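Listed below, chain by chain, are the residues.
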Amino acid sequence: MSYLVDVATLARKDLRLELRARDTVPAMLLFVVSALVIFHFALPEESSGPAAVGLLWIAILFTALLGLGRAFMAEREQGLLDGLVLAPCDRSAIWLGKTLSTLVFLLLVEAIALPAFALFFDGSRIGPAAIAGVLLADLGIATVGTLLAAMASASRARELLLPLLFLPVVIPLLVGGVGAAVEPDPARYLGFLGLYDLIFAILSWASFEYVVTE
Amino acid sequence: MSTWSRNNGALALSAAATCLLVGGTALAFLWVPQDADQGFSQKIFYLHVPVALTAYACFAWGAWKAWRLLSRRQDRYDLESYTAVHMGIIFGVLTLVTGSIWAKISWGVWWTWSERQLVLFLILFLFYSAYFMLRYSVAPGPARANMSAVYALFGVVLIPVSFLAIRLAGTLLHPNPVINRDGPQMSASMFGVFCVCLAGMLALAAALYRTELTGKRLDARLRELRELLA
Amino acid sequence: MIRARQLGRRFGDKRVLAGIDFAVRPGDFVLVTGPNGSGKTTLLRLCAGLAAPTSGELELELDRAEIGFLGHEPLVYRELTALENLDLFGRLYRVPERRERIGMLLERFGLWEDRCERAGAFSRGMLQRLALCRTLLHEPTLLLLDEPFNALDQEGAALLERELAELRAERTFLVATHEPERLGALASGRLALA
């Protein structure tokens, strides 16, 4: 029970920080809309509809990368991770709190990105299955991404390292998400996304302790 | 580990590897009958699949050592895990190369997305290359060891998940049925030769692993001594 | 309470600590002295559990809730107010009667008027005082202080001295400093890192 209280405290802290600084979410919003505009110019005229859905997913992934890159910045730059690690709370609570706040940021950004996509490209492609795919993939992105962001933030080249760590791991999410949006039978893809989320959430939750301690 | 094994282990493994590989290759090219469907090009199967399986074995060994590091917190497992992953990526690249050659011989293209094993190895190659980038950009110490271990464990979990994803994507990207090479149509003699080659590859991997590990341990010992004298 | 045997810590090729043996008993006030780069900070971080020794052994009989650590960084969030920072750590450390305790500490260190200011707007001295509040918030049994008088002006230093004198009897201290004379009266022992 106190575990959940700790998680709530930490998540609330991250949300409050973002509310004060107001830099990550606006940047992500602007980035995702810019990316969609660029994709319009990058796509040749006769491109198929499904290809555009793929591009939406690329936009989401890279926007998530942008947000994740900043996830542990305050902690690492000001040495605050030490402060959190010293506290008697379970280290995985730090992970869960960050994951929840990252999830909130992603959802906020997608609330704008999906309508923007519908506006710029083909709105009929964003059905309930596609949205379910996005939501499930968000879980995977937030859970694995938070862990990898913690790893990358310990390195000298953190902005360079995070995409390298992140992209191979989220390929399955991409497959699931695009499949759910494009295929006539999305159940398999959604099920797969759920499986990925479960496996990697457990793995990330269990191993975060080792990433932030010595 | 017995003294004999410690001193001569790598040598014995290299000898075994040489015998098995030379023997296996000879058998594959001279003795075993040709596959009815694919003809001569199928012979590369005796090289490609053992290399792929050895790569998996190396990654699994790396993940096992990583697990030991996290549960026992003993320094030596870090080096062992790193060396195993290093071997894995070497064999992984070999898999991609031999697979590419096979694709060229069989279908005339150097790369095809419909070959699931190749795509899986491409993803793994990206993943484990990032492992080395991670190690390179974090200062050596317990922190780096822990992070590498967690990442190695993620890799091994990623293998089946990616495979599932690729299978799903297969229907999405390429509606053509995938050619099933190592199906149950292997005759007993083919299977026998395959096993010889597989054993040879594993022995080779083990020999290289031992050699590199010894080398790295010597390096570390040398550094320690240099420090003590300084 | 703390026992170290042949403790060593290496960063890559550089050995920062080597062959350190010491023991800290409850009620001790140990000063850790040594020139810059001798490993004082590293030693404190090892005792706090923020780093693991690369050689030797370190035994610590306390769990994290009983340790208070003051490092070089104030370990407060710049974007949050002093009150919010202490509230955060108060919740994480499950401090009983959190609000009263925070209020009391802020007053004792002269930060009550600035409690609703963002920590980012504080001067270096005020940050150090806030960091001290954070360290003392959960009434830790063991206090690990890394050069606590750093950045404190005269008034802040006086407040800290008074606080240390008051807590001296009930707690155990391990303080890294390059002004050992200042705390000489309180000290029960010294650890010199060459």
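Just so it is clear, the model here is predicted, and its values are computed rather than measured.

Here is what the cut-offs are and how they apply
Residues numbered from 1 in each chain as written. Chains lettered and ligands numbered in written order. Predicted model: local features only at pLDDT ≥ 70, side-chain atom pairs only at ≥ 80, totals over all residues. Pairing = 2+ DSSP bridges. Helix = DSSP H or I, 4+ residues; strand = E, 2+ residues; numbered from the N terminus. Axes fitted to C-alpha atoms, helices over the stretch in contact; angles between N-to-C directions. Contact = placed C-beta atoms within 7 Å. Nonpolar A, V, L, I, M, F, W, Y, C, P; charged D, E, K, R; others polar. pLDDT = per-residue confidence, 0-100. Buried ≥ 20, exposed ≤ 12 C-beta atoms within 10 Å, placed from the backbone. Expected span 1.5 Å × (residues − 1). Arc of directions from axis to C-beta.

A. Structural context of the sheet that holds strand E4 (residues 55–60) of chain C. Residues and elements named next belong to chain C. The strand order across the open sheet formed by three strands is E2-E1-E4, and the pairing between neighbours is antiparallel. Each having just a single partner strand, strand E2 (14–24) and E4 make up the two edges of the open sheet. The sheet shows a mean angle of 25° between the axes of neighbouring strands, taken without regard to direction. Sheet strands touched by helix H1 (residues 40–48): strand E1 (2–11), E2 and E4. Its angle to E1, the strand with the most contacts, is close to 120°.

B. Spatial organisation of the interface of chain B and chain A. At the interface, 26 residues of chain B touch 26 residues of chain A. Elements represented by at least two residues in the side of chain B that touches chain A include exactly helix H4 (116–137) and helix H5 (142–173) of chain B. Sort the elements by how many residues they give to the side of chain B that touches chain A and H5 of chain B lands first, with 17 residues. Partitioning the side of chain B that touches chain A into residue classes produces 23 nonpolar, three polar and no charged.

C. The interface of chain C and chain B, seen in detail. Tallying the contact residues gives six residues for chain C and six residues for chain B. Split by residue class, the side of chain C that touches chain B holds two nonpolar, two polar and two charged.

D. Examining the confidence of the model for chain B more closely. Residues and elements named next belong to chain B. Confidence in the prediction for chain B averages 86 pLDDT; 90% of positions are at 70 or higher. Taken element by element, chain B is modelled with least confidence in helix H1 (residues 3–31), mean pLDDT 79, and with most confidence in H4, mean pLDDT 95. In this model, residues 174–180 is a region of pLDDT below 50 whose contacts with residues beyond four sequence positions or in other chains number six contacts. The complex model carries a pTM of 0.91, and its ipTM stands at 0.92.

E. Just the environment of Asp197 of chain A, in detail. Residues and elements named next belong to chain A. If you trace the backbone, Asp197 turns up in helix H9 (residues 187–212). Note on Asp197: 21 C-beta atoms within 10 Å, which makes it buried. Apart from the residues within four sequence positions on either side, Asp197 is in contact with Leu136, Leu139 and Gly140.

F. Here's a closer look at the sheet that holds strand E6 (residues 142–146) of chain C. Residue and element names in this part refer to chain C. Pairing is parallel in the open sheet, where five strands are placed in the order E5-E6-E7-E3-E8. Strands at the two margins of the open sheet, each flanked by one partner only, are strand E5 (67–70) and strand E8 (189–192). Taking each pair of neighbouring strands and ignoring which way they run, the sheet shows an average axis angle of 15°. Judged from the four bridges that link them, strand E3 (residues 29–33) and E8 form a sheet pairing that is parallel. By the bridge assignment, Thr33 is partnered in E8 with Ala192. The sheet contacts of H1 involve E3, E5, E6 and strand E7 (172–176), and relative to E6 the element is tilted by about 155°. Helix-sheet contacts for helix H4 (residues 124–136) involve E5 and E6, and the interaxial angle to E5 is about 165°.

G. Quick peek at helix H2 (residues 24–42) of chain A. All names here are of chain A. With 19 residues, H2 extends 26 Å from end C-alpha to end C-alpha; this agrees with the ideal 27 Å at 1.5 Å per step. Of the residues making up H2, those classed as buried are Thr24, Met28, Val32, Ala35, Leu36 and Phe39. End-on view of H2: buried residues confined to an arc of 105°, all on one side of the axis. Summarising the geometry of H2, the exposed residues directed more than 90 degrees from the buried face are Pro26, Ser34, Val37, Ile38, His40 and Phe41. Where H2 is buried, its residues touch helix H1 (2–21), helix H3 (49–69) and helix H6 (91–120).

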